[in-house]
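As a plain string of letters, each chain reads:
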Amino acid sequence: MTDRHRSIVDLHLVIRRGDPGRILLLRRANTGYGDGLLHLPSGHLEPGESITDGVIREAREETGIDVAAGDLRFLHVMHRASEDGGDRIGFFFAATSWTGEPFNAEPGKCSELVWADPHDLPADTIPYPAAGIRRGDRGIACSTFGFSPDLEVPS
């Protein structure tokens, strides 16, 4: 019997503030991936952890905020071809509310927090989370990224 294909599961959180709804991006530093570029609060699913528990954990670890599971809204799921030849499944959620004020809770992995317009993301935003943000805002439930051709599946 051959080994089954396995994908890494990524978790991403869109945190919106104010009008017109700026979103929180973190500038990566000292991680070995995308250093100097902007990304959503995000991370990998840990063994035995649900995707909602994982995104709540990542929000706390990276931004210091607490999000209740009932305050998460599903935005998008993306099957992404990875630069290393593997692939990943990314779940994008939005926090409808949270407790605490976001701050840089991981200064060893993040150099700054940036509130950005989701309709005009900074040019130095990593491309796949930028695509996940845009697609989720357009109501695209599922997509591929880095495959040929990339596909979008509406809700």
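The structure reproduced in this document is the subject of the present report. (Residues numbered from 1 in each chain as written. Predicted model: local features only at pLDDT ≥ 70, side-chain atom pairs only at ≥ 80, totals over all residues. Heavy atoms only, no water.)

### Brief notes about the packing of aromatic side chains
The description of an aromatic ring pair rests on the distance of the ring centres and on the angle between the ring planes.
Then comes step 1: Using the criterion set out here, one finds one aromatic pair in the structure.
Then comes step 2: Sitting over the face of the ring of tyrosine 128, arginine 80 holds its NZ or CZ atom 3.6 Å from the ring centroid. (Phe/Tyr/Trp six-rings, centres within 6.5 Å; stacked < 30°, edge-to-face > 60°. Lys NZ or Arg CZ within 6 Å of the ring centre and 35° of its normal.)

### What about the pattern of salt bridges?
Side-chain pairing between opposite charges can occur once the charged atoms of the two side chains come close.
Then comes step 1: Tallied over the entire structure, the rule returns 13 salt bridges.
Then comes step 2: A salt bridge links arginine 57 to glutamate 46; the nearest nitrogen and oxygen atoms lie 3.6 Å apart. Remark: glutamate 46 occurs in the loop between strand S4 (42–44) and helix H1 (51–63) and arginine 57 occurs in helix H1; sequence separation between them is eleven residues.
Then comes step 3: Taking the relative accessible area as the measure of exposure, arginine 57 reaches 12% and is therefore buried.
Then comes step 4: A network of salt bridges, in which partner residues are shared, links Glu46, Glu49, Arg57, Glu58 and Glu61. (Salt bridge = Lys/Arg side-chain N within 4 Å of Asp/Glu carboxyl O. Helix = DSSP H or I, 4+ residues; strand = E, 2+ residues; numbered from the N terminus. Buried < 20%, exposed > 50% of the residue type's maximum accessible area, 1.4 Å probe, protein only.)

### Regarding the layout of surface pockets
Then comes step 1: Computed from the structure, the largest pocket encloses a volume of approximately 520 Å³.
Then comes step 2: Together, 25 residues line the largest pocket, and Arg28, Thr31, Ser42, Gly43 and His44 are the ones closest to its centre.
Then comes step 3: Looking at the lining of the largest pocket, the elements with two or more residues in it are strand S1 (8–17), strand S2 (22–28), S4 and H1.
Then comes step 4: Among the residues forming the lining of the largest pocket, the class breakdown is five nonpolar, eight polar and twelve charged. (1 Å grid on protein atoms, 1.4 Å probe; cavity = no way out; pocket = protein on both sides within 12 Å on 5 of 7 lines; lining within 4 Å. Points joined across faces, edges and corners; volume = space filled by probe spheres on them. Nonpolar A, V, L, I, M, F, W, Y, C, P; charged D, E, K, R; others polar.)

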